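Structural overview for review
One-letter residues, chain by chain:
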Amino acid sequence: MPRTVSVVLVLLAAVPLLAAGNPENKAMVERFREYLRTHQATVAPMEREANLAWWEAATSGKEEAYKRQSELQTKLETVYTDPKTFAFLKEVRAAGVVTDPLEKRQLDRLYLAYLGRQIDPALLARIIAASSAIEQKFSTFRGKVDGKEVTDNEIVEVLANSRNRDERKTYWLASKQVGVALAPDVLALVKLRNEQAVALGFRDYYALQLALNEQDEAWLLSLFDELDRLTAEPFARARKRIGEVQGKRLGVPPDRLMPWDYTDRFFQEGPNLSESNMDAPLAGRDIAKLGAGFYRGISLDADPILARSDLYEHKGKNPHAFCTDIDRKGDVRALLNIKPNQEWLGTTLHELGHGVYSYYTARSLPYFLRTDNHAFATEGVAMLFERLANNAAFYRALGLVDEPTSVKLAVPMQEKEQMAGLVFSRWSQVMLRFEKGLYANPNQDLDALWWKLVERYQGLERPAEAPVGAWASKIHIVTVPVYYHNYQLGALFAAQLHAAVCRDLYPGQEPSTVIYLGNPRVGVYLKEKVFASGASLQWKEFVKVSTGEPLSPRAFAGQFAKKAGAGPRASGGQP
């Protein structure tokens, strides 16, 4: 275990348990400790079994696998519906008798786990079954072009590179077919979730989920409002440049561009505005091997993760990407659909970032704290490494390009990465506010709400051809509801964490030139500052400990919102 974390845990363990000398309080503490032991013995094997079933379902697409996963997840979550245990945890919290920091943190997290499930088990079972059924359809659905099924990778390829507007439009519409097919089911699921929230005394499911994740709604909306102010003008400049380049490529005035004219399905990624082929250096390369080698060089071993992972496309498999911790004991694995291109280099670095976080969480921690600190924390770590896929110096150091090619790619890649931060920040505004509106009033015209937000924050016009239900083509609304804002919070955390790493390990070096490659001190730093403490700290304290300051948009804006949209400038021989 890293020395810094060892000291922290020793100090935490040394804090005396103050039960006010009252025998009844001491007895309550002992009952709570016994509960922790028995609860872990009950749920740990159940969680492992449910996670393995989910893995089988995602990698096979088989109906029986999804059915088994749904049954096991229902069985697991039903444990948390027990009103007597919830009442006990509520009583222990109110009494304030648990003062050991690690035990108190477990109490708080378990209380919230029970709180969200204090509903009729039959309703909970319906919610899980509905979610699982929709997820199966998402995983196995393939859009069609001219009656022929197309893969996600094919849609991505066309939108990234095609200069044929009719083809782009056809593939963009194909990407929305899953939403059209599933929107009624998704809406029914939203209403079930709201029923759950109201039964628990919350306004709606949106408010419930924020509470369960220890996020204050007013704080969150205020932070996103500040992010809006910091990025609005830089994004306008960036979008102007994107419009000029894409308009020239496609032979259409910038003000006539439609959503399918941008380089991805949701206008959420940074486009390559140069004529440089950023995929070419990766042709024929083993992306998984490149990723593993990078992590090994910074003293983070991803090989055990890759050994258990499913890396390439095959029939029935979930077409997206994720990483999951099966048992909190080291069985961490990633689902990928790797192609030898820049997008999948970034995605592989991203998912393995999640993986090493889980893998290096201290296994000496109590089971219920042996996980990432918060959703945005693991997303931030993943994004920290994903960004390297847009760095020419990184390509050069990996031996993917020679020095002249690295020089040629430097400015275009830097621009693409800056665009990526800005574009995603605006897209995350859409998702945050759409989900809030979705749960506030699921009976409204959701397509109108969706396109109103898209126009407000991304500047895209609603096309007449946009199908009803296109909003439901974003799988996260089903699989990770009221989660998407954590990607943007993760981007803010990544910016702060990068600044901290540069400050402590690369003093005097320009942060934009730091690529971590081959520096084992980076892995040691992250293990000590981020990974090892797991969920033992409340997230606000964790951010201060790991980055030196509270979470805010300032570091992100400093990295991504300066001089955006000016285009490449000649400097030092760069085109």
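So, here's what we can say about the structure. (Residues numbered from 1 in each chain as written. Predicted model: local features only at pLDDT ≥ 70, side-chain atom pairs only at ≥ 80, totals over all residues. Heavy atoms only, no water.)

Let us now look at the overall build of the chain. When helices and strands are counted, the chain shows 22 helices and 4 strands. Relative to the globule expectation of 25 Å for 575 residues, the C-alpha radius of gyration of the chain, 24 Å, shows essentially globular dimensions. Along the first, second and third principal axes, the C-alpha atoms of the chain reach 80 × 55 × 45 Å. Across the 575 residues that make up the chain, the buried fraction comes to 59%. Contacts in the chain between residues far apart in sequence, at least 24 positions, make up 78% of those at least 6 positions apart. (Helix = DSSP H or I, 4+ residues; strand = E, 2+ residues; numbered from the N terminus. Rg over C-alpha atoms; globule rule 2.2 N^0.38 Å. Buried < 20%, exposed > 50% of the residue type's maximum accessible area, 1.4 Å probe, protein only. Contact = heavy atoms within 4.5 Å.)

Taken as a whole, this structure holds 32 salt bridges when the rule is applied. For Arg265, the salt bridge is made with Asp152, and the minimal N-O distance between the two is 3.1 Å. Placement of Arg265 in the loop between helix H10 (217-250) and helix H11 (287-297) and of Asp152 in helix H7 (residues 152-161) is noted, with a sequence separation of 113 residues between them. Here Arg503 ties to Asp504 by a salt bridge, and the two come within 3.0 Å at their closest N and O atoms. For Asp504, a relative accessible area of 32% puts it in the partly exposed group. (Salt bridge = Lys/Arg side-chain N within 4 Å of Asp/Glu carboxyl O.)

Further remarks concern the packing of aromatic side chains. Tallied over the full model, the rule gives 31 aromatic pairs. Relative to Tyr360, the ring of Tyr359 has its centre 5.2 Å away and its plane inclined at 80°; by these criteria the two rings are edge-to-face. An angle of 45° between the planes, with centres 5.6 Å apart, marks the rings of Phe434 and Trp471 as tilted. Taken together, the positions of Phe434 in helix H16 (residues 403-440) and Trp471 in the loop between helix H17 (446-458) and helix H18 (476-479) put the pair 37 residues apart, joining distant regions of the chain. According to the relative accessible area criterion, Phe434 is buried, its value standing at 0%. (Phe/Tyr/Trp six-rings, centres within 6.5 Å; stacked < 30°, edge-to-face > 60°.)

Let us now look at empty space enclosed by the protein. This model, assessed by the stated rule, comprises 3 cavities of 30 Å³ or more. Put simply, the largest cavity is a space of about 100 Å³. Surrounding the largest cavity, Trp172, Lys176, Pro259, Arg265, Phe266, Trp427, Trp450, Trp451, Val454, Gln458, Leu460 and Ala470 form its lining. Mapped onto the lining of the largest cavity, the elements with two or more residues apiece are helix H8 (165-199) and H17. Per-element tally for the lining of the largest cavity: the top contributor is H17, with 4 residues. Here the residues of the lining of the largest cavity sort into 9 nonpolar, 1 polar and 2 charged. Its volume calculated, the second largest cavity comes out at about 50 Å³. Looking at the second largest cavity, the residues that line it are Asp325, Arg328, Lys329, Gly330, Ser358, Tyr359, Thr361, Arg363 and Arg370. (1 Å grid on protein atoms, 1.4 Å probe; cavity = no way out; pocket = protein on both sides within 12 Å on 5 of 7 lines; lining within 4 Å. Points joined across faces, edges and corners; volume = space filled by probe spheres on them. Nonpolar A, V, L, I, M, F, W, Y, C, P; charged D, E, K, R; others polar.)

Mapped onto the elements of the fold, Gly490 is located in helix H19 (residues 485-505). We classify Gly490 as buried; its relative accessible area is 0%. With 112 residues separating them along the chain, Gly490 and Thr378 place their C-alpha atoms 7.3 Å apart. Not counting residues up to four positions away in its chain, the partners in contact with Gly490 are Phe376, Glu379, Gly380 and Met383.

By the secondary structure assignment, Thr547 is in helix H21 (residues 539-547). Within polar-contact distance, the side chain of Thr547 engages the side chain of Gln496 at 3.1 Å. With near-sequence residues (within four places) excluded, Thr547 lies in contact with Phe493, Gln496, Leu497, Ala500 and Arg503. (Polar contact = N/O pair within 3.5 Å; in protein donor to acceptor, adjacent residues only side chain to side chain.)

Covered by surrounding structure in strand S4 (residues 332-335) are Val332 and Ala334 together with Arg333 and Leu335, the residues of both alternating faces. Pairing between strand S3 (residues 322-325) and S4: 4 bridges, direction antiparallel. By the bridge assignment, Asp325 is partnered in S4 with Val332. The turn linking S3 back onto S4 is made up of 6 residues, and Arg328 within it adopts a positive phi angle of 60°. (Pairing = 2+ DSSP bridges.)

Interhelical geometry of helix H13 (residues 342-359) versus helix H14 (residues 375-386) gives an angle of 140° and a closest axis separation of 7 Å. With respect to their mutual orientation, H13 and H14 come out oblique. The crossing of H13 and H14 is right-handed. On H14, the residues touching Gly346, Leu349, His350, Gly353, His354 and Tyr357 of H13 are Ala377, Thr378, Glu379, Val381, Ala382, Met383, Phe385 and Glu386. (Axes fitted to C-alpha atoms, helices over the stretch in contact; angles between N-to-C directions. Parallel < 35°, antiparallel > 145°, perpendicular 65-115°, else oblique. Left-handed = near helix turned anticlockwise from the far one by under 90°.)

Topologically, Tyr357 is positioned in helix H13. Accessibility expressed as a relative area gives 0% for Tyr357, which makes it buried. In this structure the C-alpha to C-alpha distance between Tyr357 and Leu453, which are 96 residues apart in sequence, comes to 34 Å. The contact partners of Tyr357, leaving out residues within four places of it in the chain, are Asp372, Asn373, Ala377, Thr378, Val381, Val530, Phe531 and Phe542. From its side chain, Tyr357 meets the backbone nitrogen of Asn373 in a polar contact 3.1 Å long.

On to helix H3 (residues 63-79), then. In a regular helix each residue adds 1.5 Å, so 17 residues correspond to 24 Å; H3 covers 25 Å between its end C-alpha atoms and thus fits that length. For H3, the complete set of buried residues consists of Ala65, Tyr66, Gln69, Ser70, Leu72, Gln73, Thr74, Leu76 and Glu77. Those residues of H3 hidden inside the fold are in contact with helix H2 (23-60) and helix H6 (121-140). (Expected span 1.5 Å × (residues − 1).)

This part takes up unusual backbone geometry. One non-glycine residue, Ser299, lies in positive phi territory at about 65°. Here Ser299 shows up in the loop between H11 and helix H12 (303-307). Look at Val482: it is not a glycine, yet its phi comes out positive at around 50°. Locating Val482 in the fold gives a position in the loop between H18 and H19.

This next bit is on the environment of Ile298. Here Ile298 is to be found in the loop between H11 and H12. Look at Ile298 and you get buried, because its relative accessible area is 0%. In sequence terms Ile298 and Val522 are 224 residues apart; their C-alpha atoms lie 5.8 Å from each other. With sequence-adjacent residues up to four places away left out, Ile298 is seen in contact with Phe385, Tyr516, Gly518, Asn519, Pro520, Val522, Gly523 and Val524.

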